Amino acid sequence: MKALFQHTAITHGIAVRVAVSFLPEQSQPDDGKWFWVYHIRIENHSHESVQLITRHWRITDSRGQVAIVDGDGVVGEQPMLKPGASHDYVSGCPLDTPHGSMEGFYTFTREDGEPLEVRIPFFPLAAPATAD
């Protein structure tokens, strides 16, 4: 599992694992555009069902510019995770610089309706070095 997912955070028994890859075919370095795809697996190792309600991302480029992205669910879904269940999704991130990073958190609700904030681990976005 660690070989596939390079970055992991575990909060309240919920594991968030991230694998990130640079996509040269979607990038246009000559035009100042770089693109990464990330695969996230959310695993419920707690003893109760939880539902993912919202996401909060902090995306930073190599100039230090920060973009905050908040929204409902992930890729149009608000998955319910029973104990032992997992949910996978894939999304992407464009940047105007060849390096940056992402991190954030998901807000889940517990069975009793209480909110639960679950950390998304910090992960770098790094394009391969190119000759100028």
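This structure is a prediction, so every number in the text was calculated from the model and none was measured.

## Quick word on the packing of aromatic side chains
Next up, step 1: The tally for this structure, following the rule as stated, stands at five aromatic pairs.
Next up, step 2: Considering the side-chain rings of Tyr38 and Phe123, the 5.9 Å spacing of their centres and the 50° angle between planes classify their relative orientation as tilted. A residue pair is termed long-range when its members are at least 10 positions apart, and Tyr38 in strand S3 (residues 34–44) and Phe123 in strand S9 (residues 115–126) qualify at 85 residues. Here Tyr38 and Phe123 have matching classes, each one buried.
Next up, step 3: Here the aromatic rings of Tyr106 and Phe108 are separated by 6.3 Å at their centres, their planes lie at 85°, and the arrangement is edge-to-face. Like Phe108, Tyr106 is buried.
Next up, step 4: Members of the aromatic cluster, joined through ring pairs, are Tyr38, Trp57 and Phe123.

## Focus on the side chain of His87
Next up, step 1: You can see His87 is positioned in strand S7 (residues 86–95).
Next up, step 2: Note on His87: relative accessible area 13%, which makes it buried.
Next up, step 3: One polar contact links His87 to Glu77, side chain to side chain, over a distance of 3.4 Å.
Next up, step 4: With near-sequence residues (within four places) excluded, His87 lies in contact with Ile40, Arg41, Ile42, Val74, Glu77, Pro79 and Leu81.

## With respect to the pattern of salt bridges
Next up, step 1: Summed over all chains, the structure comprises five salt bridges.
Next up, step 2: The residue Arg110 makes a salt bridge to Glu48 at a minimum N-O spacing of 3.7 Å. In this pair, Arg110 is assigned in strand S8 (residues 99–110) and Glu48 in the loop between S3 and strand S4 (50–61), connecting sequence segments 62 residues apart.
Next up, step 3: What makes Glu48 partly exposed here is its relative accessible area of 24%.
Next up, step 4: The residue Asp61 makes a salt bridge to Arg63 at a minimum N-O spacing of 3.8 Å.
Next up, step 5: Residue classification places Asp61 among the buried positions, given a relative accessible area of 12%.

## Observations regarding the sheet that holds strand S1 (residues 7–11)
Next up, step 1: What the four strands build is an open sheet, ordered S1-S2-S3-S7; its pairing is antiparallel. A strand with exactly one partner marks an edge of an open sheet, and here the two such strands are S1 and S7. When the angles between neighbouring strand axes are averaged without regard to direction, this sheet yields 20°.
Next up, step 2: The sheet contact formed by S1 and strand S2 (residues 14–22) spans five bridges and is antiparallel. Note that in S2 the partner of Ala9 across the bridge is Val16.

Rules of the game
Residues numbered from 1 in each chain as written. Predicted model: local features only at pLDDT ≥ 70, side-chain atom pairs only at ≥ 80, totals over all residues. Heavy atoms only, no water. Phe/Tyr/Trp six-rings, centres within 6.5 Å; stacked < 30°, edge-to-face > 60°. Helix = DSSP H or I, 4+ residues; strand = E, 2+ residues; numbered from the N terminus. Buried < 20%, exposed > 50% of the residue type's maximum accessible area, 1.4 Å probe, protein only. Polar contact = N/O pair within 3.5 Å; in protein donor to acceptor, adjacent residues only side chain to side chain. Contact = heavy atoms within 4.5 Å. Salt bridge = Lys/Arg side-chain N within 4 Å of Asp/Glu carboxyl O. Pairing = 2+ DSSP bridges. Axes fitted to C-alpha atoms, helices over the stretch in contact; angles between N-to-C directions.

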